[in-house]
Amino acid sequence: MSFPVATVDASALRNNLAVVRRLAPRSRVIAVVKANGYGHGMIRVARALADADGLGVARLADAIALREAGVIQRILLLEGVFGVEQFALAAKEQCEIVVHSPQQLDVLEQFAGSHRFVVWLKLNSGMNRLGFRVEEFTAAHARLRRCSSVSQIRVMTHLSSSEDRGQVTATQLKIFDDLVAPLGLERSAANSAAVIGWPEAHQDWVRPGLMLYGMSPVPNRSAADFGLQPAMTLSTQLIAIQNIGVGESVGYNGIWRAERPSRIGIAAIGYGDGFPRGTRNGAPVLVGGKEAPLAGRVSMDMISIDVTDLPQAKAGDEVVVWGEGLPAERLAPYADTTCYELVCRVTSRVPLLWKEA
Ligand SMILES: *Cc1c(COP(=O)(O)O)cnc(C)c1O
């Protein structure tokens, strides 16, 4: 195959769920599969993670797609739903919903269907994205309790900086706990970084995403440190080798120039596949299992790699840009991004190839 393929390892996903369970043994797990399962293929991910206690998605359309695929697990709509039609669909698809705004409360109070929702009431504890502010929260909770279309209320918040052990998260957790602990409701606060670094945030439900896919949410800590295995390996092949002389440049705009007689491997992957165009020279890729640096501008369908120090490299060799043997976390800084974005922006022309145990 001389084209890129994203191989997804179902056993890595299951291993990573087991890591979550070991780290948060008293919590139930909402496996976050939004954005097409962080680019890994939402439905297959959901099936691989059938042992999770629920799935988290951002959009109603994802929940519908999961149900159409026969997924019967609990589904939590992380942004809730908007408008009467969406509430009705969420009811039909048996989804649990986040309620974070007064507008959603209005619709819920008017909801005429017979369905009774499990509602996750969201507190804005400092992220300032979604959720009721502290001074609004108690009234919102009281409204929900009076709502005949609500069967159960849980409470949640989202952490803005849980990848470090600093004061921000401690403050958010204190605001959350002070307000909601007296209510005696089930609580949820932890994303991946908090599953790893904030045991006090585990509470009743954890909501990991990134770590399930085997990537590290903590800067300067590798996923392997926590026993996580990358679920996606994005690979392709070398399709040509160029021998070039000192002073010659490679690729568009000649942003890389040979300082020695050089061998350049051309690999069939580019920004048309989701390899970021802005990736800087020197970014590591694996050629035949050995690291070599990116050399020259990323094209739509190709990248160029300095394989001068890999004299055995030849057309047809496997090239891995991230995954097994080369964590996506290594590439991300060369592209001024995070591994979250790298896996999410793999484009639809890249086939997802599933590897079952
Ligand atoms: C995306 C998301 C998560 C998962 O975050 P990770 O950092 O990928 O673990 C958890 N909770 C909410 C509300 C989210 O939007």
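Everything below is about the structure printed above this text.
As a convention, each chain's residues are numbered from 1 in the sequence order in which they are written. This being a predicted model, a pLDDT of at least 70 is required before a residue's local features are given, and a value of 80 or more before pairs of side-chain atoms are given or counted; all residues contribute to the totals for chains, interfaces and linings. Side-chain metrics in this entry use all non-hydrogen atoms of the structure; hydrogen atoms and water are not considered.

A. Looking closely at helix H4 (residues 60-68). Here's how the labels work: a residue is buried when its accessible area is under 20% of the maximum for its type, exposed when over 50%, partly exposed in between, all with a 1.4 Å probe on protein chains only. Elements are defined by DSSP. Helices are runs of H or I of four residues or more, strands are runs of E of two residues or more, and each kind is numbered from the N terminus. For H4, the complete set of buried residues consists of Leu60, Asp62, Ala63, Ile64, Leu66 and Arg67. Contacts from the buried residues of H4 go to helix H2 (34-38), helix H3 (42-48), strand S3 (54-57), strand S4 (75-77), helix H5 (83-92) and strand S5 (95-99). Among the residues trailing H4, Gly70 stands out with phi positive, at a value near 90 degrees. Residue contacts follow a heavy-atom distance rule, with two residues in contact if any of their heavy atoms lie within 4.5 Å.

B. Looking closely at unusual backbone geometry. A positive phi is found at Gln94, a non-glycine position, where the angle reads about 55 degrees. With respect to the secondary-structure elements, Gln94 resides in the loop between H5 and S5. Residue classification places Gln94 among the exposed residues on the basis of a relative accessible area of 53%. The phi dihedral of Asn220 is positive, around 65 degrees, even though this residue is not glycine. Within the fold, Asn220 resides in the loop between strand S9 (205-206) and strand S10 (232-244).

C. Focus on the pairing of strand S7 (residues 150-157). In terms of burial, S7 is largely enclosed, as six of its eight residues are buried. Note on the crossover from strand S6 (residues 117-123) through helix H7 (residues 134-145) to S7: the handedness is right-handed. Pairing between strands requires that DSSP locate at least two bridges from one strand to the other. Both S7 and strand S8 (residues 187-190) contribute to a ladder of two bridges, which runs parallel. From the neighbouring strand, Met156 faces S8, where its bridge partner is Ser188. Orient the strands so they point away from the viewer; a crossover is then right-handed if the path from the first strand over the helix to the second runs clockwise.

D. Just the side chain of Arg207, in detail. Relative to the elements of secondary structure, Arg207 occurs in the loop between S9 and S10. Buried charged residue Arg207 carries no salt bridge. Nearest counter-charge: Asp204, at 11 Å. If we skip the residues at most four places from it in the chain, Arg207 touches Ile30, Val32, Leu78, Met156, Thr157, His158, Ser188, Ala189, Ala190, Asn191 and Ser192. Positive charge is attributed to Lys and Arg, negative charge to Asp and Glu, and no charge count is given to His or to the chain ends. By convention in these notes, a salt bridge is any Lys or Arg side-chain nitrogen within 4 Å of a carboxyl oxygen on Asp or Glu.

E. Seen up close, H7. Given the number of residues in a helix, its expected span is that number minus one, multiplied by 1.5 Å. Taking 1.5 Å of rise per residue, twelve residues should cover 16 Å, and H7 covers 17 Å from first to last C-alpha, within 8% of that figure. Looking at the buried side of H7, the elements it contacts are helix H6 (102-110), S6, S7 and helix H8 (167-180).

F. Structural view of the pattern of salt bridges. Summed over all chains, the structure comprises 24 salt bridges. We note a salt bridge from Arg143 to Asp106, for which the minimum N-O separation is 2.7 Å. Here Asp106 lies in helix H6 and Arg143 lies in helix H7, a separation of 37 residues in the sequence. Judged by its relative accessible area of 21%, Arg143 falls in the partly exposed class. Owing to a relative accessible area of 38%, Asp106 belongs among the partly exposed residues under this scheme.

G. Region of the structure containing the side chain of Asn191. Position of Asn191 among the secondary structure elements: in the loop between S8 and helix H9 (192-197). With near-sequence residues (within four places) excluded, Asn191 lies in contact with His158, Leu159, Ser162, Arg207 and Pro208.

H. Here's a closer look at the packing of aromatic side chains. Planes of paired rings set the category: under 30 degrees apart is stacked, over 60 is edge-to-face and the rest tilted, where pairs are Phe, Tyr or Trp rings (Trp by its six-membered ring) whose centres lie within 6.5 Å. All told, the structure shown has five aromatic pairs when counted by the stated rule. When the centroid spacing of 6.3 Å and the interplanar angle of 35 degrees are considered together, the rings of Tyr38 and Tyr340 count as tilted. With Tyr38 in helix H2 and Tyr340 in helix H11 (residues 339-344), this pair connects stretches of sequence that are 302 residues apart. Judged by relative accessible area, which is 6%, Tyr38 ranks as buried. By relative accessible area, which is 36% here, Tyr340 ends up partly exposed. Every member of this aromatic cluster is reached through a ring pair, and the members are Tyr38, Tyr213 and Tyr340. In our convention, an over-ring charge means Lys NZ or Arg CZ found within 6 Å of a ring centre and within 35 degrees of that ring's normal. The ring of Trp198 has Arg165 lying over it, and the distance from NZ or CZ to the ring centre is 3.7 Å.

I. Spatial organisation of the packing of H5 against H6. Each axis is a line fitted through C-alpha atoms, and for a helix only the stretch in contact is used; angles between axes span 0 to 180 degrees, taken between their N-to-C directions. Running from amino to carboxyl end, H5 crosses H6 at an angle of 70 degrees, the nearest separation of the two axes being 10 Å. The angle between the axes of H5 and H6 places the two elements in the roughly perpendicular class. Where H5 crosses over H6, the two elements pack in a sense that is right-handed. Residues Gly83, Val84 and Phe87 of H5 pack against Gln104, Val107 and Leu108 of H6. As a working rule, the residues Ala, Val, Leu, Ile, Met, Phe, Trp, Tyr, Cys and Pro are called nonpolar, Asp, Glu, Lys and Arg charged, and the rest polar, with Gly in that last group. Broken down by class, the residue content of the contact of H5 with H6 amounts to four nonpolar, two polar and no charged. Put simply, angles under 35 degrees are roughly parallel, angles over 145 are roughly antiparallel, angles from 65 to 115 are roughly perpendicular, and the rest are oblique. Left-handed describes a crossing in which the near helix is turned anticlockwise from the far one by less than a right angle; the clockwise case is right-handed.

J. Representation of the packing of H7 against H8 in the model. Running from amino to carboxyl end, H7 crosses H8 at an angle of 35 degrees, the nearest separation of the two axes being 11 Å. As for how H7 packs across H8, the hand of that crossing is right-handed. Of H8, the residues touching H7 (which contributes Val134, Phe137 and Thr138) are Ile175, Leu179 and Val180. Split into classes, the residues belonging to the contact of H7 with H8 amount to five nonpolar, one polar and no charged.

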